[in-house]
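# Fold and geometry: a report
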Amino acid sequence: MVILDMIYGVIGPWQWVIIGIVILLLFGGKKIPELMRGLGSGIKEFKDASKEDEDEKIEEKK
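Figured I'd write up the structure that's included with this text.

## Looking at the overall build of the protein chain
- Across its full length, the protein chain holds 3 helices and 0 strands.
- Of the regular secondary structure in the protein chain, the N- to C-terminal order runs α-α-α.
- Looking at the protein chain as a whole, 2% of its 62 residues qualify as buried.
- Just so you have it, the protein chain exposes about 6,000 Å², and 68% of that area is on carbon and sulfur atoms.

This is how it looks when you write it as structure tokens:
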């Protein structure tokens, strides 16, 4: 959380707008939803894998 606080403190709202515009220009409007969908599925897979790992550790303790 400290790192996020530092990032948000350094980068203001106008810088986020500029970053968003640059991303939009680089990838185009049609490519961004595909990128976000891929990012979301990657995060979901990571959470599922970490949950499975926690379940295995709980089963080992029993």
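## Here we look at the pattern of salt bridges
- Evaluated as defined, the whole model comprises 1 salt bridge.
- Between Glu34 and Lys31 there is a salt bridge whose closest N-O contact spans 3.7 Å. Here Glu34 pairs with Lys31, and both are found in helix α3 (residues 31–61), just 3 residues apart, close to one helical turn.

## Quick look at helix α2 (residues 13–27)
- In this model, α2 (15 residues) spans 21 Å end to end at C-alpha, consistent with the 21 Å of a helix rising 1.5 Å per residue.
- Following α2 by one or two positions, Gly28 has its phi on the positive side, about 85 degrees.

How each quantity is defined
Residues numbered from 1 in each chain as written. Predicted model: local features only at pLDDT ≥ 70, side-chain atom pairs only at ≥ 80, totals over all residues. Heavy atoms only, no water. Helix = DSSP H or I, 4+ residues; strand = E, 2+ residues; numbered from the N terminus. Buried < 20%, exposed > 50% of the residue type's maximum accessible area, 1.4 Å probe, protein only. Areas by Shrake-Rupley, 256 points an atom, 1.4 Å probe, with all protein chains shown as cover. Salt bridge = Lys/Arg side-chain N within 4 Å of Asp/Glu carboxyl O. Expected span 1.5 Å × (residues − 1).

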